[in-house]
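Notes for the structure review
For reference, the chains in residue letters:
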Amino acid sequence: MRFRAKIVDLACLNHFSRIINTIAKLAKTCILRLTVCKLYFILSDKVANGGASMWCELSQGNFFDEFQMEGVAAEHNEIYLELVPENLSRALKTAQSAKAVKIKLTNKHCPCLRVAVELPSLSSSSRIVTHDIPVTVIPRRMWNDFREPSVPDFDVSIYLPVLKTMKSVVERMKNLSNVIVIEANLNGEMNLKIETDLVSVTTHFKDLGNPPWASEDGCQSSAQGRDLESMAEACIDIKKLQQLLAGQQVNPTKALCNIVSKRIVHFILLHEEVSLQYFIPAIA
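Attention here is on the structure that accompanies the text. (Residues numbered from 1 in each chain as written. Predicted model: local features only at pLDDT ≥ 70, side-chain atom pairs only at ≥ 80, totals over all residues. Heavy atoms only, no water.)

1. Examining the packing of helix H3 (residues 163-174) against helix H4 (residues 238-246)
- Between H3 and H4, the least distance of the axes is 9 Å, while the angle of their chain directions is 145 degrees. Where H3 crosses over H4, the handedness of that crossing is left-handed. Residues Leu163, Met166, Lys167, Val170, Glu171, Met173 and Lys174 of H3 touch H4, and the partners they reach there are Ile238, Leu241, Gln242, Leu245 and Ala246.
- Residue composition of the contact of H3 with H4, grouped by class: 8 nonpolar, 1 polar and 3 charged. (Axes fitted to C-alpha atoms, helices over the stretch in contact; angles between N-to-C directions. Helix = DSSP H or I, 4+ residues; strand = E, 2+ residues; numbered from the N terminus. Left-handed = near helix turned anticlockwise from the far one by under 90°. Contact = heavy atoms within 4.5 Å. Nonpolar A, V, L, I, M, F, W, Y, C, P; charged D, E, K, R; others polar.)

2. Regarding the sheet that holds strand S13 (residues 190-195)
- Pairing in this open sheet of 4 strands is antiparallel, and the strands run S14-S13-S12-S15 from one edge to the other. A single partner strand is all that each edge strand has here, and the edge strands are strand S14 (200-205) and strand S15 (232-237). Neighbour-to-neighbour, the strand axes of the sheet open up by a mean angle of 20 degrees, direction not taken into account.
- Looking at chain direction, strand S12 (residues 179-184) and S13 are connected through 4 bridges and run antiparallel. Each bridged residue has a counterpart across the sheet, and for isoleucine 182 the counterpart in S13 is leucine 192. (Pairing = 2+ DSSP bridges.)

3. Focus: the packing of helix H1 (residues 10-26) against helix H2 (residues 85-93)
- Two elements in contact, H1 and H2, have axes whose closest approach is 8 Å; the angle formed by their N-to-C orientations is 150 degrees. For the element pair H1 / H2, the angle class is roughly antiparallel. With respect to the hand of their crossing, H1 and H2 are arranged in left-handed fashion. Where H1 approaches H2, its residues Leu13, Phe16, Ser17, Ile20, Asn21, Ile23 and Ala24 are matched on the opposing element by Pro85, Glu86, Leu88, Ser89, Leu92 and Lys93.
- Here the contact of H1 with H2 is built from residues that sort into 8 nonpolar, 3 polar and 2 charged. (Parallel < 35°, antiparallel > 145°, perpendicular 65-115°, else oblique.)

4. Thoughts on H3
- The end-to-end C-alpha separation of H3 is 16 Å, in line with the 16 Å expected for 12 residues at 1.5 Å each.
- Taken as a whole, H3 has its buried residues at Leu163, Met166, Val169, Val170 and Met173. For H3, the angular spread of the buried residues around the axis is 125 degrees, confining them to a single face. Residues of H3 that are exposed and point more than 90 degrees away from the buried face comprise Lys164 and Arg172.
- Buried-residue contacts for H3 involve S12, S13, S14, H4, strand S16 (254-260) and strand S17 (264-271). (Expected span 1.5 Å × (residues − 1). Buried < 20%, exposed > 50% of the residue type's maximum accessible area, 1.4 Å probe, protein only. Arc of directions from axis to C-beta.)

5. Describing a positive patch on the surface
- Together, Arg4, Lys102, Lys104 and Lys108 line one region of the surface with positive charge.
- Position of lysine 108 relative to the elements: it lies in the loop between strand S7 (100-107) and strand S8 (111-119). (Patch = residues over 30% accessible without salt bridge, like charges linked within 9 Å, V, L, I, M, F, W, Y side chains within 5 Å. Areas by Shrake-Rupley, 256 points an atom, 1.4 Å probe, with all protein chains shown as cover. Salt bridge = Lys/Arg side-chain N within 4 Å of Asp/Glu carboxyl O. Lys, Arg positive; Asp, Glu negative; His and termini not counted. Charge placed at Lys NZ, Arg CZ, Asp CG, Glu CD.)

6. A look at unusual backbone geometry
- In this structure, aspartate 207 is a non-glycine residue whose phi angle is positive, near 55 degrees.
- Mapped onto the elements, aspartate 207 comes out in the loop between S14 and S15.
- Judged by relative accessible area, aspartate 207 falls into the exposed class, the value being 73%.
- Not every positive phi belongs to a glycine, and glutamate 272 is a case in point at roughly 30 degrees.

7. Looking at the pairing of strand S3 (residues 38-44)
- Of all the 7 residues making up S3, 5 are buried; the element is thus mostly covered by neighbouring parts of the structure.
- Examined bridge by bridge, strand S2 (residues 30-34) and S3 share 4 bridges and lie antiparallel to one another. Paired with arginine 33 across the strands is tyrosine 40, a residue of S3.
- When S3 meets strand S4 (residues 53-59), the two strands line up antiparallel, connected through 7 bridges. Pairing of tyrosine 40 across the sheet is with glutamate 57, part of S4.

8. Some thoughts on the environment of leucine 276
- Residue placement: leucine 276 occurs in strand S18 (residues 274-281).
- Considering only alpha carbons, one finds leucine 276 and alanine 255, 21 residues apart in sequence, at a separation of 9.5 Å.
- In this structure, leucine 276 is in contact with Thr22, Leu26, Met54, Trp55, Cys56, Leu244, Phe267, Ile268 and Leu269, ignoring residues within four places of it in sequence.

In structure tokens form, the structure reads like this:
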């Protein structure tokens, strides 16, 4: 099992660093799945226990100048590692003006991702700062626990408002309640609501637009024949939503939200070569 990669392009490095920062805000530990073409960062708190889950997918070719890996076996050419994303985020912070960053899976005393940052120096010899990030290798028999979460048939899919605006609304509401109701309809309208014994606050967003989702065979999902005005709603943990919005550094070109009434809210942030999905289960 081998893995080594190198980033030379500074823009790619900074973009990769921002993505890792976002992930570090969403997950204390996560699974890094390496395949020949892609990297995945996976958080699968069991939704049944009220935990959020995350699935972030990156095409390695858009970030790395070199990328070599050999998986656990020829027919299972993948590697699954558990790590603390904050450690990786910290290592990359030292690389903001680096000439190159090399990442390699090593196993001296224990399995580690070694991040070697080559810094520019005035003399001819370069300065290299290395960080060893401990990882746990996930055995093949457990890989199925980390499959892409399936999205149940949603009632409403809607584009999100400007995330900065949404973030400031949620931050104000967070001081008043631990839960927030997200509701939306097929008419491009979305409301964020909190209700307590003392106060009830609603923020309305209009004209957001609904994605033209169609299933594989060309027929629309369960949206067909539905009343465009009727709201689908879910009540979720406001801290989890705030975490997603506050940690957000992917700068998505598209951000949308699917609601399965009273069950789950599924966020999708898309940016050219990155997709981040985040699932927050509803609170009964």
